[in-house]
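Working through the structure, step by step
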Amino acid sequence: MVALTGALWLAGCAPAGQSSLSTAAPAITNIEYYPYLVKGYQNSYPKRRILILMPVDAHQATAISGAAATSYQGNTAIGMTEDATGRAVEELYAPPLAPVVQNAIQQSATEAGLIATLAPDAVYVPAKDLNEDYVLESRIVRCWVTKRPGPGGDAGPAWFSAAEFAVEVTIYKPPFTVPFWQGKSGSNYDDPPVDSNAISPEDETAIYDQPGQVLSVAMTRAVAGIFDRTELYALVNDDRMSARR
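What counts, and at which threshold
- Residues numbered from 1 in each chain as written.
- Predicted model: local features only at pLDDT ≥ 70, side-chain atom pairs only at ≥ 80, totals over all residues.
- Heavy atoms only, no water.
- Core = buried A, V, L, I, M, F, W, Y, C linked by side-chain atoms within 4.5 Å.
- Buried < 20%, exposed > 50% of the residue type's maximum accessible area, 1.4 Å probe, protein only.
- Helix = DSSP H or I, 4+ residues; strand = E, 2+ residues; numbered from the N terminus.
- Contact = heavy atoms within 4.5 Å.
- pLDDT = per-residue confidence, 0-100.
- Phe/Tyr/Trp six-rings, centres within 6.5 Å; stacked < 30°, edge-to-face > 60°.
- Axes fitted to C-alpha atoms, helices over the stretch in contact; angles between N-to-C directions.
- Parallel < 35°, antiparallel > 145°, perpendicular 65-115°, else oblique.
- Left-handed = near helix turned anticlockwise from the far one by under 90°.
- Nonpolar A, V, L, I, M, F, W, Y, C, P; charged D, E, K, R; others polar.
- Expected span 1.5 Å × (residues − 1).
- Polar contact = N/O pair within 3.5 Å; in protein donor to acceptor, adjacent residues only side chain to side chain.

1. What about the nonpolar core?
As a rule of thumb, soluble globular proteins bury nonpolar side chains together. If you look at the biggest cluster of nonpolar residues, it comprises 44 residues, and the most contacted ones within it are Ile50, Ile78, Leu136, Phe165 and Phe227. Broken down by element, the residue count for this core peaks at 10 residues, all from helix α3 (residues 211-227). Leave out the neighbours within four places in its chain, and Leu136 touches Ile50, Leu51, Ile52, Leu53, Ile105, Val169, Thr170, Ile171, Ile226 and Phe227. Ala24, Tyr72, Met80 and Trp144 belong to the second-largest nonpolar core, a separate cluster that totals seven residues.

Printed below as a string of structure tokens:
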């Protein structure tokens, strides 16, 4: 009973923002947008002004070793590294996602041909004097990567990473309150890619060393998917009259 009481007291003294139930080591990684990774939609949109608001981070961290760790020293939980038994040996964290994704959306919109600027607000507020053609709201709803060893071989274990990212988007046309367009864009990315024709998993080689890079690919594809779609392009291209003119 004394030992149990001591263990509970120590758990209660764990630093704020850290998982007190997990024995996995925390690791900080970065997520970034890879310009021109997704090709085909560059400079396809008319030169319209679009204001990119700060995304809302609504993604749920998967339970890590029995504890739902959501943050570590101000960083956000974005995944884990597992051992051969499926036990988490490393908890993966990244700097706050909202500004990273906001900048990614701006870069993708610029690639598409739009004139994109940033705003610190997360919610669209209609205003007649807003000097923008469109305003984009977004919510991060999925953001997770898992890295695990493969069956191995003479050269040691082969590592496999699986990442998923998704964002919900609402675009407004000031000063109207009814959305101009709404949609969801997501991407799953496996490294190495799942290949049913491979002779064995040992023959597959990962492209990226870090799981944060794998998640960066998924994020880049999901963000580019906002603008790389026929229906949104058609709406913007056919929208000849701007409400602010």
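2. Focus: the confidence of the model for the chain
Here the chain shows a mean pLDDT of 84. Residues at 70 or above account for 78%. Here residues 1-21 is modelled with pLDDT under 50, and outside its nearest four sequence neighbours on either side it reaches 13 contacts, counting other chains as well.

3. Regarding the packing of aromatic side chains
Throughout the structure, instances matching the rule amount to seven aromatic pairs. Pairing Tyr72 with Tyr93 gives two aromatic rings, centres 5.5 Å apart and planes at 35°, and the pair type is tilted. Residue Tyr72 is found in strand β4 (residues 71-72), and its partner Tyr93 is found in strand β6 (residues 88-94); the two are separated by 21 residues along the sequence. Residue Tyr72 is classed as buried on the basis of its relative accessible area, which comes to 15%. Centroid distance Tyr189 to Tyr208: 6.4 Å. Interplanar angle 75°. Geometry classified as edge-to-face. On the criterion of sequence distance, the pair formed by Tyr189 in strand β10 (residues 181-191) and Tyr208 in the loop between β10 and α3 is long-range, its members being 19 residues apart. Tyr208 sits in the partly exposed class, given a relative accessible area of 24%. Members of the aromatic cluster, joined through ring pairs, are Tyr34, Tyr189 and Tyr208.

4. Brief notes about the packing of helix α2 (residues 97-112) against α3
Contact geometry for α2 and α3: axes closest at 9 Å, N-to-C directions at 50°. When the axes of α2 and α3 are compared, the pair comes out oblique. Seen along the crossing, α2 lies across α3 with a hand that is right-handed. For the pair α2 and α3, contact is made by Val100, Val101, Ala104, Ile105, Ser108, Ala109 and Ala112 and by Met219, Val223, Ala224, Ile226 and Phe227, respectively. Each residue belonging to the contact of α2 with α3 can be placed in one class, and the counts come to 11 nonpolar, one polar and no charged.

5. Some remarks on α3
Spanning 17 residues, α3 covers 26 Å between terminal C-alpha atoms, matching the ideal 24 Å at 1.5 Å per step. Across the 17 residues that make up α3, a large majority, 15, are buried.

6. Observations concerning the side chain of Glu132
When you line up the elements, Glu132 lands in the loop between β7 (115-118) and β8 (134-149). Given the relative accessible area of 7%, Glu132 is considered buried. Side chain to side chain, Glu132 and Thr117 meet in a polar contact 3.5 Å long.

7. Quick notes on the environment of Lys47
Along the chain, the position of Lys47 falls in the loop between β1 (25-28) and β2 (49-52). Distance in space between the C-alpha atoms of Lys47 and Asp133 is 9.9 Å, their sequence separation being 86 residues. Apart from the residues lying within four places of it in its own chain, the contact partners of Lys47 are Gly113 and Ile115. Reaching out from Lys47, the side chain makes a polar contact with the backbone oxygen of Gly113 at a distance of 3.4 Å.

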